[in-house]
Amino acid sequence: MRYIKLQHRVVHARYDEPTGKWHLRIRRPPPPNVTLESPPNEGEAYEEFEDTADLLFTGVGSLSRWKWPEIDGLKDFEGKLFHTADFEVGDGDKAWQEAIHDWKDKRVGVIGVGSSAIQIVPALQSRVKKIVNFVRGKTWISTPFSGAKMAELMQRDPEAENCTGYTDVFSEEDKERLKDTEYYKQFRHELESDLNSVHPSTLKDSDAQRAGRAAFHAHMKKKLAKKPWIADFLIPEFGVACRRLTAGPGYLEALCADNVDFQPTHIKGITNKGIELVDGTHEDLDIIICATGYDYSFQLDFPMVGRNGVTIQEKWSPHPSTYLAVCTDGFPNWFMSLGPNSSLGSGSLLVLIERQVEYAVAVAKKIQRERLKSIEVTKEAVADFDEYLESYFPKTVYSEKCRSWYKMGKEQGRVVALWPGSCLHAVRAIEQPRWEDFRYELPEGVKNRMHWLGDGQTYNEKTMTGDRAWYLNDDEVDIPTGAYTTLRLSVLIS
Ligand SMILES: NC(=O)c1ccc[n+]([C@@H]2O[C@H](COP(=O)([O-])OP(=O)(O)OC[C@H]3O[C@@H](n4cnc5c(N)ncnc54)[C@H](OP(=O)(O)O)[C@@H]3O)[C@@H](O)[C@H]2O)c1
């Protein structure tokens, strides 16, 4: 914790060319208020101070800023207005539980059909008098991700009605079994491996895409049997995963419930009493929940000034460009995770985030070991990655016509959110930095590139501290004898 500063907000960042350091302006609440229990009130004085860093790493997330939808009259509504991501009302889940405890007699409008709406509609359906789900676009609802594999691992019938493949079906007996670390490891391994097997389905006209379409079409039709007309409005023409795919257990069932109306007519505006549609009809509502998404611009929300006074906001207009989604030219000593083109259409995002952090750690070690002033990717390398992006995405379902945050909330255009390939492809691509794609500066006045060799001794010898035979430690020996033998044999055989 001594390295972590909570409630500190970076409000400005500037790369200082003479020193090669980042100058950060940071805002924090006045000291007496710095507790999690009593955050400062809106408008209360904040303290600002400057700090500097040799390397700047941003891990600010890609969907971290929610925004209200652009709908006329939004603020005229006299009932309760929520956004699904508005945690300012308290601490997330608890706040929602408190908010909905007396909604039994309420008419609730839910706007949207993204992952948030798909989860909130079934969660609220039995707790309110009526839900109207206002749905503008179309979306695929899939069967649970890795559901078949999960069913196999849990020894369940995948066709069974209650086999959602999700954690809510873990029995006490299952949980006991998962306490066995070997069994758990194997379980994780198989699930993860299954998740990493679906990438071909994201390629246009692939067999896997066709199979997914057929399966999810049948799945949606079956679940909507009670209100079959909804399928005509909901099942898309665009490919599966063009917009973020959601399994949404219970969503289609909820749409079929008697107290839920699916409303595909577009919204004209919000009135003081509810929502008016473009056909002139009006839905009277007590509560409106906007499940309408986030700021999808992929910009940082503070000015960040790189070389020659150019801000990242300027450089990334009309869209961002990066090198392997970890850095960009003109902004030396800056690396990131979950920036543009680093989300995944399939596979596990956590694995990639870990590799992006490791990439930055490798850079930090290089800067430190070689006493560099700066490391900056070349603009040619950024342009080459850009060319790769442009040639990759047209072959995928992501470039089809569908509104998606992958394309900055637009129906068509550049894919800004996703890595151009699979999760495993991304991991392999960045696990070994290509140092030749960077240019380097030595500190002011230093001419000899070997200046970091110092006086011929390592720190441990000079100070007589630390381990001076570290190369014999287990974690330094990377090929155990057995593996070496196998490796040699396989080389001989091949
Ligand atoms: N892991 C999870 O459990 C989870 C849960 C929630 C979200 N997420 C992540 O967050 C992402 C965003 O999800 P989200 O559902 O919050 O946002 P979203 O996918 O952007 O969906 C927003 C929905 O609101 C609709 N909308 C926006 N403005 C509107 C307007 N003015 N009038 C009518 N409808 C409007 C959109 O219409 P269109 O259909 O026309 O676009 C869309 O259906 C997801 O894709 C996912 O990556 C993850």
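Located above this text is the structure these notes cover.
Not measured: the values here are computed from a predicted model. (Residues numbered from 1 in each chain as written. Predicted model: local features only at pLDDT ≥ 70, side-chain atom pairs only at ≥ 80, totals over all residues. Heavy atoms only, no water.)

Some words on the overall build of the chain
Filter applied, for reference: Helix and strand definitions here come from DSSP, where helices need a minimum of 4 consecutive H or I residues and strands a minimum of 2 consecutive E residues; each element is numbered from the N-terminal end. A simple rule labels every residue: compare its accessible area, found with a 1.4 Å probe on the protein chains alone, to the largest value its type can have, and call it buried under 20%, exposed over 50%, or partly exposed in between. By definition in these notes, contact holds between two residues if any of their heavy atoms fall within 4.5 Å. Where accessible areas are quoted, they stem from the Shrake-Rupley method and a 1.4 Å probe; at the residue level, only the protein chains shown are allowed to cover.
For the chain, the helix and strand inventory stands at 14 helices and 16 strands. Every one of the 494 residues in the chain was classed for burial, and the buried ones make up 41%. Sequence separation of 24 or more characterises 67% of the internal contacts of the chain that already satisfy a separation of 6 or more. Carbon and sulfur atoms make up 53% of the accessible area of the chain, which totals about 27,900 Å².

Considering the nonpolar core
Quick reminder of the rule: As used in this record, nonpolar core signifies buried Ala, Val, Leu, Ile, Met, Phe, Trp, Tyr and Cys residues forming a set joined through side-chain atoms within 4.5 Å.
The biggest cluster of nonpolar side chains holds 79 residues, and the ones touching the most others in it are Trp-103, Val-110, Leu-234, Tyr-251, Leu-255, Ile-289 and Tyr-323. Look past the residues within four positions of Tyr-251 in its chain and what remains in contact with it is Val-113, Ala-117, Ile-118, Val-121, Pro-122, Asn-133, Val-135, Ile-141, Leu-234 and Phe-262.

Comments concerning the state of the cysteines
Using the following cut-off: For the purposes of this analysis, a disulfide is any pair of cysteine sulfur atoms at a distance within 2.5 Å.
Counting across every chain of the model gives 1 disulfide. Covalently, Cys-242 is tied to Cys-402 through a disulfide, its sulfur atoms 2.1 Å apart. Its torsion about the S-S bond being -95 degrees, the disulfide of Cys-242 and Cys-402 is classed as left-handed. Of this pair, Cys-242 sits in the loop between α7 (229-234) and α8 (251-255) while Cys-402 sits in the loop between α11 (379-392) and α12 (423-431), placing them 160 residues apart in sequence.

Description of the site of the ligand
Quick note on the threshold: Each residue is tested against the molecule or strand, and it is near if at least one of its non-hydrogen atoms lies within 4 Å. Think of a polar contact as two N or O atoms within 3.5 Å of one another; within protein, one of them needs to be a possible hydrogen donor and the other a possible acceptor, and neighboring residues in sequence only count if both atoms come from side chains.
Taken together, 22 residues surround the ligand, and among them Val-113, Ser-116, Arg-136, Tyr-296 and Trp-405 come closest. In this structure, an oxygen atom belonging to the ligand sits 3.2 Å away from a side-chain N or O atom of Arg-403. Coverage of the ligand by the protein chains reaches 80% of its 900 Å² of free accessible surface. With 3 residues, the single largest contributor to the shell around the ligand is helix α2 (residues 115-125).

Description of helix α5 (residues 181-195)
Condition: A helix is expected to span 1.5 Å multiplied by its residue count minus one.
Under the 1.5 Å per step criterion, the end-to-end length of α5 is 21 Å for 15 residues, consistent within 8% with the ideal 21 Å. Where α5 begins, the side chain of Asp-180 points an oxygen toward the backbone nitrogen of Glu-182, at a separation of 3.0 Å.

Side note on the sheet that holds strand β7 (residues 130-134)
Consider a sheet: its strands pair through backbone hydrogen bonds, and that pairing is either parallel or antiparallel. For clarity, the cut-off: By definition, two strands form a pair when at least two bridges between them are found by DSSP. Lines are fitted to the C-alpha atoms to define the axes, a helix being fitted only along its stretch in contact, and any angle between axes, read from their N-to-C directions, falls within 0 to 180 degrees.
Taken in spatial order, the 5 strands make up an open sheet running β5-β12-β6-β7-β8, and their pairing is parallel. The sheet is open, and its two edges are formed by β5 (80-83) and β8 (260-263), each paired on a single side. Going across the sheet, the axis of each strand differs from the next one's by a mean of 15 degrees, ignoring polarity. Pairing of β7 with β8, which is carried by 4 bridges, proceeds in the parallel orientation. What sits directly across from Asn-133, in β8, is Phe-262.

Some thoughts on the pairing of strand β6 (residues 107-111)
Quick note on the threshold: We call a crossover right-handed when, viewed with both strands directed away from the observer, the connection leading from the first strand over the helix to the second proceeds clockwise.
Most of β6 sits out of view: 4 of its 5 residues are buried. In this view, the connection linking β6 to its parallel neighbour β7 by way of α2 has right-handed handedness. One ladder, built from 4 bridges, connects β6 with strand β12 (residues 287-290); its direction is parallel. Its bridge partner lying in β12, Ile-111 is registered against Cys-290.

Topic: the sheet that holds strand β10 (residues 274-277)
Spatially, β9-β10-β11 is the arrangement adopted by the 3 strands of the open sheet, whose pairing is antiparallel. Of all strands in the sheet, those with a lone pairing partner are β9 (267-270) and β11 (282-284), marking the two edges. For this sheet, the mean angle separating the axes of adjacent strands, direction not counted, is 20 degrees.

Quick word on the pairing of strand β2 (residues 21-28)
The two faces of a sheet get side chains in turn, since along a regular strand they alternate between them. Both strand β1 (residues 9-16) and β2 contribute to a ladder of 7 bridges, which runs antiparallel. Looking at the pairing, His-12 lines up with Arg-25 of β2. Alignment of β2 against strand β3 (residues 47-53), held across 7 bridges, turns out to be antiparallel. In the strand pairing of β3, Arg-25 is matched with Glu-50.

Geometric values such as these leave the question of function open.
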